[in-house]
Amino acid sequence: MEVKDASAALLSNYEVFQLLTDMKEQRKESGKNKHSSGQQNLNTITYETLKYISKTPCRHQSPEIVREFLTAVKSHKLTKAEKLQLLNHRPVTAVEIQLMVEESEERLTEEQIEALLLTVTSILPAGPEAEQKQNTNGDVTMDEEDPAWNSTTGPSVS
Amino acid sequence: MFVLVEMVDTVRIPPWQFERKLNDSIAEELNKKLANKVVYNVGLCICLFDITKLEDAYVFPGDGASHTKVHFRYVVFHPFLDEILIGNIKGCSPEGVHVSLGFFDDILIPPESLQQPAKFDEAEQVWVWEYETEEGAHDLYMDTGEEIRFRVVDESFVDTSPTGPSSADATSSSEELPKKEAPYTLVGSISEPGLGLLSWWTSS
């Protein structure tokens, strides 16, 4: 076996997530040889990698979102590796941006860091925990509004 | 975190699989050979991405199977230097903090790369960051199962292919078990602001 190019392309977590989910669907459809001993390694690594990526914000991304994000951050002049890290991690604080962007104090002013944070949080969808937080907030507001039995169009009592 | 690696290999398809589509048999064989395995100086192979070129399939005398030279691309886990990753703490030992990503376990953060000052609590076998503020020192424990953000600072590949029998100490080596070494290990660091347990840096 020969390795022609050990780094032909960088893949984002979303692309790997998409590939593994598609592969899982295909193999589920063609059923029978999933459990043969030879496929055990593939099953293990696919399961573990999917489990890992599903806990990150990448599972809610789509090709359009990725394209939109890359065009939006073009003005900040980031390297490919930095854009990839922003895409994979979705930082929400300035500290995280400073970790992922090299020499961020010299290259980005505070306003630019704020703008970058805004771009990241507005374009990239939040992770599963953030969604849960949003759902519980939604429940709270629903309780404050009047529930159905106080409305005038309720069941008539006569 | 993941890279695409272009490789070339000759795949052997036994005759009883000739009725299947060649592409499917080859994909299955490649995954059987490489998935969840570490390739020296390349990384941990995850799964086949696509087949770029299939050359002619030959049948050699004496072997009924077909041999096809395949050019393909494989998804490989190979974080680049200084990449930020998030994992779970597997455990602590005097050697440092062991971190796992679920599909990849051999990540170590040595004591000198922890947030300083750090000390090892022998009783609970856990590393502690002694965080100093004006109010006094807080002890931040690095417990098992906690999510941790770290930077990849080094990687090392070990060639674990079997070596031939050594004539000199043949008897002694057969009695003791060979040491199992991980073929691919990552060294991490959390000595920067923002790195370490996620709970240390979330402001809620």
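Residues numbered from 1 in each chain as written. Chains lettered and ligands numbered in written order. Predicted model: local features only at pLDDT ≥ 70, side-chain atom pairs only at ≥ 80, totals over all residues. Heavy atoms only, no water.

For clarity, the cut-off: UniProt positions are given in the numbering used here, feature names are shortened, and annotations may be inferred rather than shown by experiment.
Under an unreviewed UniProt entry, the name given to chain B is DNA-directed RNA polymerase subunit, and the source organism is Lipotes vexillifer. According to the UniProt record, the Subcellular location (unreviewed entry) comment for chain B reads "Nucleus".

Going by an unreviewed UniProt entry, chain A carries the name DNA-directed RNA polymerase III subunit RPC9 and comes from Lipotes vexillifer.

**Here's the deal with the nonpolar core**
Counted only if it meets this: Residues belong to a common nonpolar core when they are buried Ala, Val, Leu, Ile, Met, Phe, Trp, Tyr or Cys residues joined through side-chain atoms within 4.5 Å. When a residue's accessible area, from a 1.4 Å probe over protein chains only, is under 20% of the maximum for its type it is buried; when over 50% it is exposed; and in between it is partly exposed. For the purposes of this entry, the term helix denotes a DSSP run of H or I that reaches at least four residues, the term strand denotes a run of E that reaches at least two, and both are numbered from the N terminus. Any two residues having at least one pair of non-hydrogen atoms within 4.5 Å are treated as being in contact.
Of all hydrophobic cores here, the largest spans 84 residues; its most connected members are Phe 2, Phe 77, Phe 103 and Met 142 of chain B. Considering each element in turn, this core owes the most residues, 7 residues, to strand E1 (residues 2-13) of chain B. With near-sequence residues (within four places) excluded, Phe 103 of chain B lies in contact with Ile 45, Glu 48, Thr 49 and Tyr 52 of chain A together with Met 1, Phe 2, Leu 44, Ile 46 and Phe 77 of chain B.

**Quick word on the sheet that holds strand E4 (residues 66-77) of chain B**
The test is simple: DSSP calls a pair of strands paired once it identifies at least 2 bridges connecting them. Each axis is a line fitted through C-alpha atoms, and for a helix only the stretch in contact is used; angles between axes span 0 to 180 degrees, taken between their N-to-C directions.
Pairing is antiparallel across the open sheet formed by 5 strands, whose spatial order is E1(A)-E1(B)-E4(B)-E3(B)-E2(B). What marks the edges here is a single partner per strand, and that holds for strand E1 (2-11) of chain A together with strand E2 (38-39) of chain B. One ladder, built from 6 bridges, connects E1 of chain A with E1 of chain B; its direction is antiparallel. Paired with Asp 5 of chain A across the strands is Glu 6 of chain B, a residue of E1 of chain B. Packed onto the sheet, helix H1 (residues 13-29) of chain A meets E1 of chain A together with E1, strand E3 (43-59) and E4 of chain B and runs at close to 60° relative to E3 of chain B.

**Regarding the environment of His 76 of chain A**
Residue and element names in this part refer to chain A. Tracing the chain through its elements places His 76 in the loop between helix H3 (63-72) and helix H4 (80-89). When the C-alpha atoms of His 76 and Val 120 are compared, they prove to be 12 Å apart, with 44 residues separating the residues in sequence. Excluding residues within four positions of it along the chain, His 76 makes contact with Leu 108, Gln 112, Ala 115 and Leu 116.

**Brief notes about H3 of chain A**
Residue and element names in this part refer to chain A. Put simply, the rule reads: Read the arc as the range of directions from the helix axis to the C-beta atoms.
Those residues of H3 lying buried are Ile 65, Val 66 and Phe 69. Down the axis of H3, the buried set is contained in an arc of 100°. They therefore lie on one face. Considering only its buried residues, H3 is in contact with H1, H4 and helix H7 (110-123).

**A look at the domain arrangement of chain B**
Residues and elements named next belong to chain B. Which entries qualify depends on this criterion: All domain edges in this entry derive from an automatic or database-based domain assignment. Buried area: the accessible area, evaluated with a 1.4 Å probe, that two parts lose upon being put together, summed over both parts.
You can read the domains of chain B as domain 1 (2-77) and domain 2 (83-163 + 176-200). Across the contact, 10 residues belong to domain 1 and 9 residues belong to domain 2. A combined buried area of about 750 Å² lies between domain 1 and domain 2, and 84% of that area is made up of carbon and sulfur atoms. Interface area lost by domain 1 to domain 2 is led by Val 38, Tyr 40 and Phe 77, which between them contribute 64%.

**A short note on the pattern of salt bridges**
Selection criterion: The term salt bridge refers to a side-chain nitrogen of Lys or Arg lying within 4 Å of a carboxyl oxygen of Asp or Glu.
Within this structure, the stated rule accounts for 11 salt bridges over all chains. Linking Glu 82 of chain A and Arg 107 of chain A is a salt bridge whose minimum nitrogen-to-oxygen distance equals 3.0 Å. Pair noted here: Glu 82 of chain A is in helix H4 and Arg 107 of chain A is in helix H6 (residues 104-107), with a separation of 25 residues, a long-range link. Assessed through its relative accessible area of 4%, Glu 82 of chain A is described here as buried. Of the charged contacts, one joins Glu 29 of chain B and Lys 32 of chain B as a salt bridge, the two residues approaching to 3.7 Å between their closest N and O atoms. Separated by 3 residues within a single helix, Glu 29 of chain B and Lys 32 of chain B lie in helix H1 (residues 22-34), roughly one turn from each other.

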